[in-house]
Amino acid sequence: MAFKIYFNKKTRHPSISLSGKDKTRWENMEMTHHPTKRNSYIDIVCVSPNGYSKSYVRKYIRKDGYGAKGRKLKQIKMSDSSEASVKNYIKQKRKKR
């Protein structure tokens, strides 16, 4: 499963889309280049036409309305190892519930 990256209108940052076919809520994880000092981020590597760049994904699953979902960022993708680390986090997060 390749994660798709969309622009989040509410946070003004790119977000990784997690939601499937549910039409009422959009589950996403916010991305940033400049994290806060707390250790609540996952390090990832993004691939774009300009090359590789280091980004961070917040360890929090947001549940926004579908109005917050902006355009799809087609040229930005995550590396395979980054996708594996995000999948591992989601698996552990849902396991705790």
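In this report, we go over the structure that sits alongside the text. Small disclaimer: the values here were computed from a predicted structure and weren't measured. (Residues numbered from 1 in each chain as written. Predicted model: local features only at pLDDT ≥ 70, side-chain atom pairs only at ≥ 80, totals over all residues. Heavy atoms only, no water.)

Quick notes on the pairing of strand β2 (residues 13-17)
Where strand β1 (residues 4-8) and β2 come together, five bridges link them in antiparallel fashion. Considered in β2, the bridge of N8 is made with H13. Connecting β1 to the antiparallel partner β2 that follows it, the hairpin turn spans four residues, and R12 within it adopts a positive phi of roughly 65°. Sheet topology places β2 next to strand β3 (residues 26-32); three bridges connect them, and they run antiparallel. Directly across from S15, in β3, lies its bridge partner E30. (Pairing = 2+ DSSP bridges. Helix = DSSP H or I, 4+ residues; strand = E, 2+ residues; numbered from the N terminus.)

A look at the pairing of β3
With six of seven residues buried, β3 is to be regarded as a mostly interior element. Across three bridges, the pairing between β3 and strand β6 (residues 62-64) is antiparallel. Looking across to β6, one finds that N28 is bridged to R62. Across two bridges, β3 lies against strand β5 (residues 51-58) in antiparallel orientation. Its bridge partner lying in β5, M31 is registered against V57. (Buried < 20%, exposed > 50% of the residue type's maximum accessible area, 1.4 Å probe, protein only.)

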